[in-house]
Amino acid sequence: MTAEYKVHGDVAVITMNNPPVNGLGYDTRIGLTGGLEKAIADASVKAIVIAGAGRAFSGGADINEFGTPRALAEPNLHSVILVVENSPKPVVAAIHSIVMGGGLELALGCHYRIAAPGAKVALPEVKLGLLPGAGGTQRLPRVLGVETALNMIVSGEAVNSELLAQQPGQKLFDRMAASTESVLEEAIAFARTVADKRPLPLVRELPCKHPVGDAYFQFARNMVKGMARNLPAPAKCVDAVEASTQKKFDDGMATERELFINLMFTPESRALRHIFMAERATSKIPDVPADTPQREIKSVAVIGAGTMGGGISMNFLNAGIPVKILEMKQDALDRGVATMRKNYESQVKRGKLKAEKYEARMGLLSTTLDYNDLKNADLVIEAVFEEMGVKQKVFEKLDEVMKPGAILASNTSTLDVNKIASFTKRPQDVIGMHFFSPANVMKLLEVIRGAKTGKDVLATVMSLAKKIKKTAVVSGVCDGFIGNRMVEQYSRQAGFLVDEGATPQQVDKAIERFGFAMGPFRMGDLAGNDIGWAIRKRRAIEHPNMLYSRTADKLCELGRFGQKTGAGWYDYQAGKRDAIPSPLVEKMIEDHRKELGIAPRKISDEEIVQRLVFSLVNEGARILEDGIASRAGDIDMVYLTGYGFPLHRGGPMLYADQFGLFNVVQAMKRFQRNPRDDVKFWEPAPLLARLAAEGKTFNPTT
Ligand code: NAI
């Protein structure tokens, strides 16, 4: 039952009941129109109340219907609202807790609205690259004034009901209820008082004007242009609200409809909808049901107080979970704690954190040099040097001291988690928790599932990730896991592009224009080119046949490790981060080309972007096929939250889908003709080749 019908004397109450937030799916819509028809036909009913069961009035569209024919099946929301508006008996919306999107549009179609305090009111469609499509852009300005309504529509942010009720002249709420608990009863009583009042008030009949419309909308357009680079929806929201001030109601509705449908088909909206769904899907693990028992995590231990150990600890302190850090020497501990303090203090200085909170968080931190002090921790995360020998010693010690049932996690970025687990007698308790630097800031957490990792351990870590506000993505065990395995191919391609004739700055600019926060060469200079150098040296032993550009090694041989040494792919001035093209590096690149016998050619920005992005896509396809990632959306989330892939493109796999997998394969075939590519690099991964041939996509269409 997704909408219940009950008569209280002379008032009929239709209660939407579609947990968790009474999404306006097909069944709920049918329930609403069915209830309205019954109430209208019943002569003993004088007025109608629409309410929401449980945690919300209504959160809007039902996300389970996204992209399915049911989302648009009649009665669609627009049709439901017409039935409400045309009811000969007054319809009162009894609002509590959440009234968002279509839920708010439904309430705006009612003749009266009564709201509980603390209800979150929003039209969040812009966050999915859309605008409210069932009258929100035309009705909200009529009840809240153009400026308040436009701010809400363009930002998508929720505003508290009592704040809106205080706004002079507002017509959104006819009355505020005393509380969430009493709103339904008060709505029924209110409905009786207006049962015989005619004519019935309709929001569509209210005037809608702005005193200096042209100037205001010009200002609004400039604002959104600055805010929403690469996203078309906010500007269209301005157009739609402007129409509410210039056109008759029904004409304004037609404009809204047209703008909505156009946005629906933009790649940007598809990307944002994909991200919305993918983000929710990452926590679903095919063979680990949602009701898998979990272990309780009340305290955490961290081994190593270096760059990662400190940042990792801050996540738990921020969530109110006590942390104990262990180091080999007191001065390493002192340094680690001082860095954490410095980080918190800069947040306090910038007004991002209250001083009392800072103290409370640090109060949850303790330090030790003795493993015995860790034995009662529920979870221990190792973040020591990236060397198997060191990890072995640490895990053997942990196996000895930790209480039974404790989870033993490693933050390793490349090492084999199965091997690490084999150093203990409890491999079922061992898992990888791969944080990204800076660990207290970056959203991504790759959760590495070892061959023997227990399902309860996996489920526990996934839900803990939510508590510390990370986007957790499960990865199987392989070299580099999901993210770094892909970035390696991307870096190889960046090197080949330079060998063939591009400059580092051309490569960086091209991919930054595509939307990446930073190109590969600026990124290398920031992270330290020596890190990649060390990895390549290891790979040269493990994969002697892998072809890669030697330019990056030559750079490191010159000691140009990046910003930290004042020089890398670019030159840097002391204390500044501006990347200045380096004549010395250019000469080095030219000399290397001569050694290789390559005559440089002009490479277009388009080719640069395609080669970099498709190198990610091809490796992503292999990762999917190998079962390292469970779905393409997981790979996209890794790239969006950990590697600066532009949000409006929806991640590498969705980008490939939208580009067309056939076209991706065709481009790869062209790239096979380049001199620096061994044919293997651009051989389409079998999964990619198959999907392209069948006209399919990596992601289900959203
Ligand atoms: P780091 O060198 O900054 O810190 C390592 C810390 O561990 C040092 O303070 C050292 O004194 C301590 N340590 C070493 N052996 C120890 C032992 N046996 N017992 C106790 N403490 C010990 O290194 P970083 O960058 O924090 O890396 C740590 C781990 O995190 C590595 O496995 C690395 O691959 C991984 N990682 C690093 C990322 C980065 O961007 N730096 C990103 C993701 C993972």
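Residues numbered from 1 in each chain as written. Predicted model: local features only at pLDDT ≥ 70, side-chain atom pairs only at ≥ 80, totals over all residues. Heavy atoms only, no water.

1. Points about the sheet that holds strand β2 (residues 11-16)
As summarised here, the arrangement of the six strands in space is β1-β2-β3-β4-β6-β9, forming an open sheet in which the pairing is mixed. With one partner strand each, in any of the chains shown, β1 (3-8) and β9 (175-176) form the two edges of the open sheet. The sheet contact formed by strand β3 (residues 47-52) and strand β4 (residues 91-95) spans four bridges and is parallel. In the sheet register, V49 faces β4, and the bridge partner there is V92. Its contacts with the sheet place helix α8 (residues 183-193) against β1, β2, β3, β4, β6 (112-115) and β9, and it is angled at close to 160 degrees to β4. (Pairing = 2+ DSSP bridges. Helix = DSSP H or I, 4+ residues; strand = E, 2+ residues; numbered from the N terminus. Contact = heavy atoms within 4.5 Å. Axes fitted to C-alpha atoms, helices over the stretch in contact; angles between N-to-C directions.)

2. Examining the pairing of β4
Among the five residues of β4, five are classified as buried, and the element is accordingly described as predominantly covered. In β4, alternate side chains face the same way, and those of V91, A93 and I95 on one face and V92 and A94 on the other are all buried. Here β4 runs beside β6; their pairing, made up of four bridges, is parallel. Note that in β6 the partner of I95 across the bridge is A115. (Buried < 20%, exposed > 50% of the residue type's maximum accessible area, 1.4 Å probe, protein only.)

3. Brief notes about the domain arrangement of the chain
In terms of domains, the chain is made up of domain 1 (3-264), domain 2 (300-475) and domain 3 (483-694). Measuring from the centre of the C-alpha atoms in domain 1 to the corresponding centre in domain 2 gives 46 Å. (Domains from an automatic or database assignment.)

4. Describing the site of the ligand
Close contacts around the ligand come from 21 residues, with M308, E327, E386, K391 and S413 the closest. With respect to the ligand, the backbone of T307 contributes an N or O atom lying 2.9 Å from an oxygen atom. Between the ligand and M308, the relevant distance is 2.7 Å, taken from an oxygen atom to a main-chain nitrogen or oxygen of the residue. Here the ligand has 830 Å² of accessible area as a free molecule, and 79% of this is covered by the chains. Mapped by element, the contributors of at least two residues to the shell around the ligand are α13 (307-318), α16 (388-401) and β15 (430-435). It is α16 that provides the largest number of residues to the shell around the ligand, a total of three residues. Of the residues that constitute the shell around the ligand, the class distribution is ten nonpolar, eight polar and three charged. (Near = heavy atom within 4 Å. Polar contact = N/O pair within 3.5 Å; in protein donor to acceptor, adjacent residues only side chain to side chain. Areas by Shrake-Rupley, 256 points an atom, 1.4 Å probe, with all protein chains shown as cover. Nonpolar A, V, L, I, M, F, W, Y, C, P; charged D, E, K, R; others polar.)

5. Considering the sheet that holds β15
The strand order across the open sheet formed by eight strands is β12-β11-β10-β13-β14-β15-β16-β17, and the pairing between neighbours is mixed. Unpaired on one side and paired on the other, β12 (365-368) and β17 (471-475) mark the two borders of the sheet. Averaged over all adjacent pairs, the angle separating strand axes in this sheet is 25 degrees, with direction ignored. Sheet analysis places strand β14 (residues 407-410) next to β15, joined by three bridges and oriented parallel. Looking at β15, one finds that A409 is bridged to I431.

6. Observations concerning the packing of aromatic side chains
Following the criterion strictly, the structure yields 18 aromatic pairs and no others. Ring geometry for F516 against F645: centres 5.2 Å apart, planes inclined by 75 degrees, an arrangement best described as edge-to-face. Of this pair, F516 sits in the loop between α20 (504-514) and α21 (520-527) while F645 sits in the loop between α26 (632-642) and α27 (652-659), and the two are 129 residues apart along the sequence. The exposure classification of F516 matches that of F645, with both residues buried. For the ring pair F521 and W569, a centre distance of 4.6 Å and an interplane angle of 70 degrees mean the geometry is edge-to-face. Of this pair, F521 sits in helix α21 while W569 sits in the loop between α23 (551-557) and β18 (570-571); the two residues are 48 residues apart in sequence, bridging distant segments of the chain. For F521, a relative accessible area of 4% translates into the label buried. An aromatic cluster of three or more residues is present, and its members are Y490, F514, F516, F614, F645, Y655 and F659. The aromatic ring of W533 is capped on one face by K537, whose charged end is 3.7 Å from the ring centroid. (Phe/Tyr/Trp six-rings, centres within 6.5 Å; stacked < 30°, edge-to-face > 60°. Lys NZ or Arg CZ within 6 Å of the ring centre and 35° of its normal.)

7. Structural notes on a nonpolar patch on the surface
Taken together, the side chains of F219, M223 and M227 make up a nonpolar region of the molecular surface, amounting to roughly 340 Å² of accessible area. For F219, the position within the fold is in helix α9 (residues 213-227). (Patch = residues over 30% accessible without salt bridge, like charges linked within 9 Å, V, L, I, M, F, W, Y side chains within 5 Å. Salt bridge = Lys/Arg side-chain N within 4 Å of Asp/Glu carboxyl O.)

8. Looking at the pairing of β2
By the criterion of burial, β2 is predominantly enclosed, with six of the six residues buried. Neither face of β2 is open: one carries V11, V13 and T15, the other A12, I14 and M16, and all of them are buried. One ladder, built from six bridges, connects β1 with β2; its direction is antiparallel. Within β2, the position partnered with Y5 by the bridge is I14. Here β1 folds back onto β2, and the loop between the two strands holds two residues, one of which, G9, carries a positive phi near 65 degrees. With six bridges joining them, β2 and β3 adopt parallel strand pairing. Directly across from A12, in β3, lies its bridge partner I48. Assessed by its sense of winding, the connection that carries the chain from β2 through helix α1 (residues 26-41) to β3 is right-handed. (Right-handed = clockwise from strand over helix to strand, strands pointing away.)

9. Some details on the nonpolar core
One finds I482, V613, F614, F645, L688 and F698 to be the most contacted residues of the largest nonpolar core, which totals 67 residues. Broken down by element, the residue count for this core peaks at ten residues, all from helix α25 (residues 605-625). Excluding residues within four positions of it along the chain, F698 makes contact with V617, A621, L624, A632, M653, A656, D657, L661, L687, L688 and L691. Ranked by size, the runner-up nonpolar core spans 62 residues in total, among them A39, I50, V126 and F217. (Core = buried A, V, L, I, M, F, W, Y, C linked by side-chain atoms within 4.5 Å.)

10. Observations regarding the pattern of salt bridges
The full count for this structure, using the stated rule, is 41 salt bridges. Here E85 ties to R139 by a salt bridge, and the two come within 3.0 Å at their closest N and O atoms. A residue pair is termed long-range when its members are at least 10 positions apart, and E85 in helix α3 (residues 77-85) and R139 in helix α5 (residues 136-144) qualify at 54 residues. Note that R601 and E500 form a salt bridge whose closest N and O atoms lie 3.1 Å from each other. With a gap of 101 residues between them, R601 in the loop between α24 (583-596) and α25 and E500 in helix α19 (residues 483-500) connect regions that are remote in the sequence. Residue class for E500 comes out buried when judged on its relative accessible area of 1%. One continuous salt-bridge network, built from bridges that share partners, spans D27, R29, E65 and R70.

11. Digging into unusual backbone geometry
With omega at 5 degrees, the peptide bond leading from P19 into P20 counts as cis. Here P20 is to be found in the loop between β2 and α1. A cis amide bond links E74 with the next residue in sequence, P75, at an omega value of 0 degrees. As for its position among the elements, P75 is in the loop between α2 (69-72) and α3. Positioned with a positive phi, S97 is a non-glycine residue whose angle comes to about 60 degrees. Topologically, S97 is positioned in the loop between β4 and β5 (98-100).

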